[in-house]
Amino acid sequence: MQPARTPIAELLKASGPVASATVAGWVKTRRDAKDFSFIQLNDGSCLASLQVIVAEATEGHARIRETTTGSAVRIEGELVESPAQGQRYELKARRLEILGTCAEDYPLQKKRHSDEFLRTIGHLRSRTNKYGALFRIRSRLAWAVHDFFQRRGFHYIHTPIITGADCEGAGEMFRVTTLQGDAGGRALSRGDFTEDFFGKEAHLTVSGQLAVESYCMGLGQVYAFGPTFRAENSNTSRHAAEFWMIEPEIAFADLADDMQLAEDFVRHLLDFVCTDCQEDLALFKQFVDPEVEARLAGVRAAEFVRLPYGEAVEILKAARVDFEYTPEWGADLQTEHERYLTETHFKAPVFVHDWPRDIKAFYMRQNDDGRTVAAMDLLVPRIGELIGGSQREERHDRLLARMDEMGFRREDYWWYLDTRRFGTAPHAGFGLGFERLLMFATGVSNIRDVIPFPRTPRNLEF
Ligand code: 4AD
Ligand code: MG
């Protein structure tokens, strides 16, 4: 058995000196003085590194020159109050053991590296302060998502990743097949997939919504939290081909209830990150985005605006701004419009609701005006759309009519339609893009830098 090690995060919180402690981690830097070497050791448990003093008398000192930046070591010693500034404790090593030396071409030497370069070494970037902090925050926020819903009695549903339905109807799906060569080509050209693995056309899911809706109609309040896939060929800083989405669904609820849930959820996550992740967040304020703290505080203090889409368009038309895309009733909002509304006009998060039906998905509840649906987007500063959601069309006849109109094949959605025949009820839900939340919380401006291994057009390394 390996000797028990104490995470550095835990040691740094010790209430006093510790006679014997064992740590293990990776050497950030080593500095050799006349009688001692100083090692900055990081084990990923927290941002701070532990200073270790290695004297000549330390067992294993003979190999001190091999403890270069990046090497893995285990050290046993005494935790003492540190005379140095900026740290409470340091470790006086009694025994040093090298677990893995680090080759000379280790790319993470001392100097700061660009995000672009670090993307090319995605398998190593968690060793840097910034990405270590980022992925600790990501982990904590994922936990906070479950905490929020579980405390409110929501049930976590694992929705399928391989699907036979296109939820958003936007056709941005990745195909899943085991057919090879000519057989694949024939199936595609004939639209006949009987020879394929599932005997029918299969794709990676773009959203767990349709599946989670059906579970909502039995369990009352549910949520999905999983990876989703979109073959959008848009190389933007806010879109990834693989991203994680949180999708709650509530029965006996309307669009107002949905917006309230979304507001409570976002507030919970932001309150959580500001209190739970202080040390890691401070790094982002210092090195990534000096405004991030103020922006978070601003949103937490702000009233969330509820703005009908029609009024949003009027505000944009009246704005004295030279938009690249002219705002017009019936058109989708562009990021420039979203940001104007939330950053400039309201200086607050904004729910834009009741959108033109023609630009929205088939499952959204049709309003009585005949031209809008009960949909909402939540816009936040810097990001634009963080959440998209809606009240669902629970009326069987209205849903059928809309699907026919949009050219959906009823037989592909028979099970979804069943939920409207067997005790249908008003219900609503939304999807929050987890990476966009992380971008908002940290000020990181590119989605590629908030997911461990980003998948974007022409990029599938690791
Ligand atoms: O607005 P969207 O497309 O909504 C849905 O998929 C609904 N079925 C959700 C629901 O009602 N259950 O996507 C929801 C959110 C967006 O607001 C955005 O934050 C994020 O998912 N998102 C993406 N994030 C990263 N990369 C992409 N390509 C994204 N597409 C959407
Ligand atoms: Mg959307």
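Residues numbered from 1 in each chain as written. Chains lettered and ligands numbered in written order. Predicted model: local features only at pLDDT ≥ 70, side-chain atom pairs only at ≥ 80, totals over all residues. Heavy atoms only, no water.

Participant: Any chance you could explain the sheet that holds strand β7 (residues 162–163) here in plain terms?
Facilitator: Hydrogen bonding along the main chain pairs the strands of a sheet, whether they run parallel or antiparallel. Spatially, the three strands line up as an open sheet ordered β7-β9-β8, and their pairing is antiparallel. Both outer strands of the open sheet, β7 and β8 (175–176), are each paired with one neighbouring strand and no more. Two elements, β8 and strand β9 (residues 202–204), share two bridges in a ladder whose sense is antiparallel. Counterpart to Val 176 in the pairing with β9 is Ala 202. (Pairing = 2+ DSSP bridges. Helix = DSSP H or I, 4+ residues; strand = E, 2+ residues; numbered from the N terminus.)

Participant: Would you mind showing me how to read the site of ligand 1 here?
Facilitator: Within the structure, ligand 1 sits among 25 residues, and Glu 168, Gln 209, Arg 230, Glu 247 and Glu 385 are positioned closest to it. A distance of 2.6 Å separates a nitrogen atom of ligand 1 from a polar atom in the side chain of Gln 209. Compared with its free state, where it exposes 630 Å², ligand 1 has 94% of that area covered by protein. Residue assignment for the shell around ligand 1 shows that the elements contributing at least two residues are β11 (242–251), β15 (384–391) and β16 (427–433). A per-element tally of the shell around ligand 1 places β15 first, with five residues. Per-class residue counts for the shell around ligand 1 are nine nonpolar, eight polar and eight charged. (Near = heavy atom within 4 Å. Polar contact = N/O pair within 3.5 Å; in protein donor to acceptor, adjacent residues only side chain to side chain. Areas by Shrake-Rupley, 256 points an atom, 1.4 Å probe, with all protein chains shown as cover. Nonpolar A, V, L, I, M, F, W, Y, C, P; charged D, E, K, R; others polar.)

Participant: Where do I start with the packing of aromatic side chains in this structure?
Facilitator: One pair of aromatic rings is described through two measures. These are the centre distance and the angle between the planes. Applying the stated criterion across every chain, the model contains 23 aromatic pairs. Summarising the aromatic geometry, the rings of Phe 225 and Phe 434 are spaced 5.2 Å apart at their centres and angled 70 degrees between planes, so their arrangement reads as edge-to-face. With Phe 225 in strand β10 (residues 221–229) and Phe 434 in helix α13 (residues 434–442), the pair connects residues that are 209 residues apart, well separated along the chain. As far as the burial class goes, Phe 225 and Phe 434 line up, both buried. Against the face of Trp 355 rests Lys 360, its NZ or CZ located 4.2 Å from the ring centre. (Phe/Tyr/Trp six-rings, centres within 6.5 Å; stacked < 30°, edge-to-face > 60°. Buried < 20%, exposed > 50% of the residue type's maximum accessible area, 1.4 Å probe, protein only. Lys NZ or Arg CZ within 6 Å of the ring centre and 35° of its normal.)

Participant: Explanation requested: the environment of Thr 442 in the structure shown.
Facilitator: As for its placement among the helices and strands, Thr 442 is situated in helix α13. A C-alpha to C-alpha distance of 19 Å links Thr 442 and Gly 122, two positions 320 residues apart in sequence. If sequence neighbours within four positions are ignored, Thr 442 has contacts with Leu 134, Ile 137, Phe 284, Val 288 and Val 292. (Contact = heavy atoms within 4.5 Å.)

Participant: Even after reading the chapter, I still don't get the sheet that holds β16, so can you show me in this structure?
Facilitator: Strand order in this open sheet of eight strands is β6-β10-β11-β16-β15-β14-β13-β12, and the pairing throughout is mixed. The strands lining the two open edges of the sheet, one partner per strand, are β6 (155–156) and β12 (305–308). Pairing of strand β13 (residues 350–356) with strand β14 (residues 372–380), which is carried by six bridges, proceeds in the antiparallel orientation. Bridge pairing links Pro 356 to Thr 372 in β14. Sitting on the sheet, helix α6 (residues 255–276) touches β11, β12, β13, β14, β15 and β16, and the angle it makes with β16 is about 35 degrees. On the sheet, helix α10 (residues 335–345) packs against β12, β13, β14 and β15 and is oriented at approximately 65 degrees with respect to β14. (Axes fitted to C-alpha atoms, helices over the stretch in contact; angles between N-to-C directions.)

Functional significance is not addressed by these values, which are geometric in nature.
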